[in-house]
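Okay, here's what each chain looks like letter by letter:
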Amino acid sequence: MHGKEKILAGAIALLAASTLGAAANEKVTFGTNWLAEPEHGGYYQAIADGTYAACGLDVTIMQGGPQVSGRPMLLAGKIDFYMGGNLLSAFDAVQQGIPMRVVAADFQKDPQVIMSQPGQGLDKWEDLKNADQYILGDEGAQTFFQWMVTDLGFDAAKRVPYTFNPAPFIANKKSIQQGYVTSEPFAVQKQGGFVPNQFLLADNGWDTYATTIEVMQDTIDKRPEVVQCFVDGSAKGWYNYLYGDNKAANDMIKKDNPDMTDEQIAFSIEQLKKFGIVDSGDSEKLGIGAMTDARIQSFYDKMVKAKVAQTGIDIKKAYTLAFINKGVGLELKKK
């Protein structure tokens, strides 16, 4: 082979290799349920550090937000994966005959928190029902608050709407307010000048998983390797985001959501770790994303009792454990 032929052959080989590489990385879209934030950090991390790419996926994150309805896009096949909030939507899908399944739960604990002001007789979980008013959003009022009323004796008449402004809570020292442990306590600290008491619902019996990965059954059946890559990549992304260098992921988050500040990001990550939102309980042995039949059954039973979920739902159709509980990424955990 002459020099020119060698160069040409080399160029063809390079072209073939690059074409194969491009073909190998299947394009998929993950819809989140809110604007980019550290609570989505593991997914951004897995894009930023090439974790998804390493197992064959080219992942695009489609931000959620107040005007975005991501789940209908999943049902219509417009996106491949969707970030669920808690398990109630998965139960609801079964009831409606929608073939959607949860394949991983990247939050072991729902970040939902109830806040109170210190030194006002509302310093213990048991005291909170005695508050003058409960500031709760509509969704919370229809879900976890029903459980709080049924199981814990909270007074439904004391609920007032939450407008996503902490001012009424700050003004009324005898009130309690809902929030995300990664967000609202920060806002109260900034605007009220005090650190509120924070009671994680998950630490007091609200045992749903959160930040789930939802996917249509058709995708599981036809592209199981794509589902496995996304689930594994997300778990590794979360380990690297929480315990490694997360600067590139945070830069991506700030690019997608310019309102996100470094101070808010640092607070959120600290809270995720402190409260064991992503990595605690079963995930410590089974890996991030872990779920168990027993815990899902426990949550379903509570929701039936609180009349939030209907009786008789075949909850085994709401999820699958086939892609998780394999300890993927445990070696990436750093203290």
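Above this text sits the structure in question.
A brief report on the enclosed structure follows.

## A closer look at the nonpolar core
Part 1 of the argument: Y43, F81, F91, I114, F230 and W238 are the most contacted members of the largest nonpolar core, which totals 93 residues.
Part 2 of the argument: If sequence neighbours within four positions are ignored, W238 has contacts with P38, E39, H40, G41, G42, Y43, D106, F107, L272, V278 and I288.

## Concerning the sheet that holds strand β3 (residues 81–84)
Part 1 of the argument: The mixed open sheet is built from 5 strands, whose spatial order is β2-β1-β3-β10-β4. Two strands close off the open sheet at either side, each with one partner strand: β2 (57–62) and β4 (100–107). Each adjacent strand pair in this sheet contributes to an overall mean axis angle of 25 degrees, direction not counted.
Part 2 of the argument: Summarising the sheet, strand β1 (residues 26–31) and β3 pair through 2 bridges and their orientation is parallel.

## Brief notes about helix α7 (residues 144–152)
Part 1 of the argument: Burial in α7 covers these residues: F144, F145, W147 and M148. End-on, the buried residues of α7 take up no more than an arc of 155 degrees, which puts them together on one face.
Part 2 of the argument: On its buried face, α7 is in contact with β5 (112–116), β6 (133–136), α6 (138–142), β7 (159–161), β8 (175–180) and α15 (293–305).
Part 3 of the argument: G153 occupies a position one or two residues after α7 and carries a positive phi of about 85 degrees.

## Quick notes on the sheet that holds β6
Across a sheet, paired strands are connected by hydrogen bonds in the backbone, their directions being either parallel or antiparallel.
Part 1 of the argument: In space, the 5 strands of this open sheet follow the order β7-β6-β8-β5-β9, with mixed pairing throughout. The outermost strands of the open sheet, each flanked by one partner alone, are β7 and β9 (197–200). Between one strand axis and the next, the sheet turns by 30 degrees as a mean value, whatever way the strands run.
Part 2 of the argument: Pairing geometry for β5 and β8, over 5 bridges, is antiparallel. Residue pairing for β8: V113 is matched across the bridge by G179.

Definitions and limits used
Residues numbered from 1 in each chain as written. Predicted model: local features only at pLDDT ≥ 70, side-chain atom pairs only at ≥ 80, totals over all residues. Heavy atoms only, no water. Core = buried A, V, L, I, M, F, W, Y, C linked by side-chain atoms within 4.5 Å. Buried < 20%, exposed > 50% of the residue type's maximum accessible area, 1.4 Å probe, protein only. Contact = heavy atoms within 4.5 Å. Pairing = 2+ DSSP bridges. Helix = DSSP H or I, 4+ residues; strand = E, 2+ residues; numbered from the N terminus. Axes fitted to C-alpha atoms, helices over the stretch in contact; angles between N-to-C directions. Arc of directions from axis to C-beta.

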